[in-house]
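# Residue-level structural notes
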Amino acid sequence: MISPDKIREEALRWYSDVLTASVQQEPFFPKDIRFGKIKPSDTLKDFRKIQHEIDRLKQNSKDQIGYGYCIEFIRRRDHKIGEQSFPSRIYFDNITDYLKFVDKEKEYGAFTSVTGKILTEIPQLLPWIAKYPTKVLDNLDIWDDLIKVCKYFIQCPKPNMYVRELPLDISTKFIEDNKVIIRTLLDMLIEGHARKEETTFEKRFNLKVEEQRIRIRILDKQIAQRCFNGVNDLSIPQSQLNGLNFPCQRVFILENRTNFSNVYNFLTLPALNNSIAIFGKGFQISLLKDADWLSDKQIIYWGDIDVHGFQILSQLRSYFPKTQACLMDIET
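Counting restarts for each chain: residues are numbered from 1 in the order of the written sequence. Only residues with pLDDT of at least 70 get local features here, since the model is predicted, and only at 80 or more are side-chain atom pairs given and counted; chain-wide, interface and lining totals rely on the full set of residues. Hydrogens and water molecules were not included; the side-chain quantities draw on all heavy atoms of the structure.

Helix and strand definitions follow DSSP, with helices as H or I runs of at least four residues and strands as E runs of at least two, each counted in order from the N terminus. Assigned secondary structure in the chain consists of 17 helices and nine strands. What the globule rule says is 2.2 Å times the number of residues to the power 0.38, and the radius of gyration is computed from C-alpha atoms. At 35 Å, the chain has a C-alpha radius of gyration far larger than the 20 Å of a compact globule built from 332 residues. C-alpha extents for the chain along the principal axes are approximately 110 × 50 × 30 Å. Relative accessibility thresholds used throughout: buried, under 20% of the residue-type maximum; exposed, over 50%; partly exposed, between the two (1.4 Å probe, protein chains only). Looking at the chain as a whole, 41% of its 332 residues are labelled buried. If you take every contact in the chain between residues at least 6 apart in sequence, the share linking residues at least 24 apart comes to 62%. As displayed, the chain has an accessible area near 19000 Å², and 46% of this comes from carbon and sulfur atoms. In this analysis, two residues are considered to be in contact whenever any of their non-hydrogen atoms come within 4.5 Å of each other. Here, Shrake-Rupley sampling with a 1.4 Å probe gives the accessible areas, and only protein chains in the shown set may cover a residue.

In terms of nonpolar packing, the biggest core is built from 54 residues, with F92, Y98 and I175 touching the most fellow members. Looking at this core element by element, the count peaks at seven residues for helix α9 (residues 143-155). Buried Ala, Val, Leu, Ile, Met, Phe, Trp, Tyr and Cys residues that are joined via side-chain atoms within 4.5 Å together make up what is termed a nonpolar core. Counting 27 residues, the second-largest nonpolar core is a separate cluster that includes I223, L234, A291 and I299.

To continue, consider the packing of aromatic side chains. In this scheme Phe, Tyr and Trp rings, the latter by its six-membered ring, pair at centre separations within 6.5 Å, and the angle between planes marks the pair as stacked below 30 degrees, edge-to-face above 60, and tilted otherwise. For the structure shown, the criterion picks out 16 aromatic pairs. Summarising the aromatic geometry, the rings of F28 and F29 are spaced 5.1 Å apart at their centres and angled 70 degrees between planes, so their arrangement reads as edge-to-face. Looking at F29, the relative accessible area reads 16%, which means it is buried. Pairwise contacts between aromatic rings join W14, F28, F29, Y69, F92, Y98 and F101 into one cluster. Geometrically, a charge over a ring is one whose NZ (Lys) or CZ (Arg) sits within 6 Å of the ring centre while staying within 35 degrees of the ring normal. Above the ring of Y91, the side-chain terminus of R89 is found at 3.8 Å from the ring centroid. Over the aromatic face of Y132 sits the side chain of K135, whose NZ or CZ is 4.2 Å from the ring centroid.

A few words on the environment of R75. Mapped onto the elements, R75 comes out in strand β2 (residues 69-78). Ignoring any residue separated from it by four or fewer positions in sequence, one finds R75 in contact with E83, Q84 and S85. Pairs of N or O atoms within 3.5 Å make up the polar contacts considered here, provided that, within protein, one atom can donate a hydrogen while the other can accept it, and that residues adjacent in sequence are counted only when both atoms are side-chain atoms. Of the polar contacts made by the side chain of R75, one reaches the side chain of S85; its length is 2.7 Å.

Let us now look at the packing of helix α6 (residues 105-121) against α9. Fitting a line to C-alpha atoms yields each axis, with helices limited to the stretch in contact; the angle taken between N-to-C directions then spans 0 to 180 degrees. It is at 11 Å that the axes of α6 and α9 come closest, and there the two elements cross at 15 degrees. Compared by their axis directions, α6 and α9 come out roughly parallel. The crossing of α6 and α9 is right-handed. Taking contact as the criterion, the partners of V114, K117, I118 and E121 in α6 are, on α9, W143, D144, I147 and K151. Residues are grouped as follows: Ala, Val, Leu, Ile, Met, Phe, Trp, Tyr, Cys and Pro are nonpolar; Asp, Glu, Lys and Arg are charged; all remaining types, including Gly, are polar. A class-by-class count of the residues in the contact of α6 with α9 yields four nonpolar, no polar and four charged. Here roughly perpendicular refers to angles of 65 to 115 degrees, roughly parallel to angles under 35, roughly antiparallel to angles over 145, and oblique to all remaining angles. We call a crossing left-handed when the near helix sits turned anticlockwise from the far one by less than a right angle, and right-handed when that turn is clockwise.

Let us look at empty space enclosed by the protein. In this analysis the probe radius is 1.4 Å and the grid spacing 1 Å, with only protein atoms considered; a cavity is a set of points the probe fits into but cannot get out of, a pocket is an open set with protein on both sides within 12 Å along at least five of seven lines, and lining residues have an atom within 4 Å of a point. Grid points are joined across faces, edges and corners, and a volume is the space filled by probe spheres set on the points. A complete count under the given rule lists one cavity of 30 Å³ or more for this structure. Roughly 60 Å³ of volume is contained in the largest cavity. Elements supplying a minimum of two residues to the lining of the largest cavity: β4 (213-218) and β7 (275-279). Looking at the lining of the largest cavity element by element, the count peaks at three residues for β4. For the lining of the largest cavity, a count of residues per class yields six nonpolar, two polar and three charged.

As a per-residue measure, pLDDT reflects the predictor's confidence and takes values from 0 up to 100. Across the chain, the average pLDDT comes to 90, with 93% of residues at 70 or higher. Confidence over residues 257-261 falls short of pLDDT 50; this stretch has 10 contacts with residues more than four positions distant or in other chains.

Of the consecutive residues F29 and P30, the connecting peptide bond is found in the cis state with omega at 5 degrees. The backbone of N206 shows a phi angle near 60 degrees, a positive value even though the residue is not glycine. Structurally, N206 is set in the loop between α12 (201-204) and β4. Overall, the relative accessible area of 14% leaves N206 in the buried class. Of note in this structure, N229 is not a glycine but carries a positive phi near 55 degrees. Within the secondary structure, N229 sits in the loop between α13 (221-228) and β5 (233-237). Judged by its relative accessible area of 69%, N229 is exposed.

Right, dumping it as structure tokens:
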């Protein structure tokens, strides 16, 4: 026999579906609780225990406490125990009885209030709310700002600005602090403009990102003077590096662990005519793949003599096949 506690557990499993039905304005109640019916053979084994459980069910039913589940009974006669009543159906008649029984009245009221506001402002979110009603509940306190963000991206799906630069009346950190929920919303709202192949939030939704910077030393003083007024140690954003073409013949790329941890070798490379050096930072060598001007240079790579070093060399050669290795041979 099912107990009142088990009825509550079963009823709570419906809650997400109750919220969905509410948003879609579909009827959900009356709704039956599944339970094992009492067989005549059961009453012969332990009638007193069964009778106690039935009494407990009655005491916690709507008939006794004014809300919650209803019970329908069936009369059955047994030659040993006589005629008795047994539950044949347990059900919630309406949402009011249900919500009070599972102690969700206040939360449900907040849900319907906020979904009403969302759908007034952004009616196209109806399918999203119906699919993810608990995400609405998880973010009850921030929906005013979430609505502002959503409406902005609907009107301007390709901002091409930094996230804190967006002209929104919200905290500058709001989007950064709530990327998970905002991403799920924008994936639906601006699906045609989102770059689904990108996992980074900013790239996915056409926002600017702080670019990786590539460090370069100009080993030829004349090139440094002619191009940079004598400055010979530079850090350049990736996109700007791609558009450059240093007037040199030779490019050293340093990758070994000593270089990465303290850059001594990079900083102490000697002056060399027609040469520059790039500090590659391990597998961030991929930052160079679109620098097409490197294809015409003599590229000399110096990395660790270990598995990772040779993996990076192989990766670099996939971009620039004529890359030569330095101090990475058997003799070294």
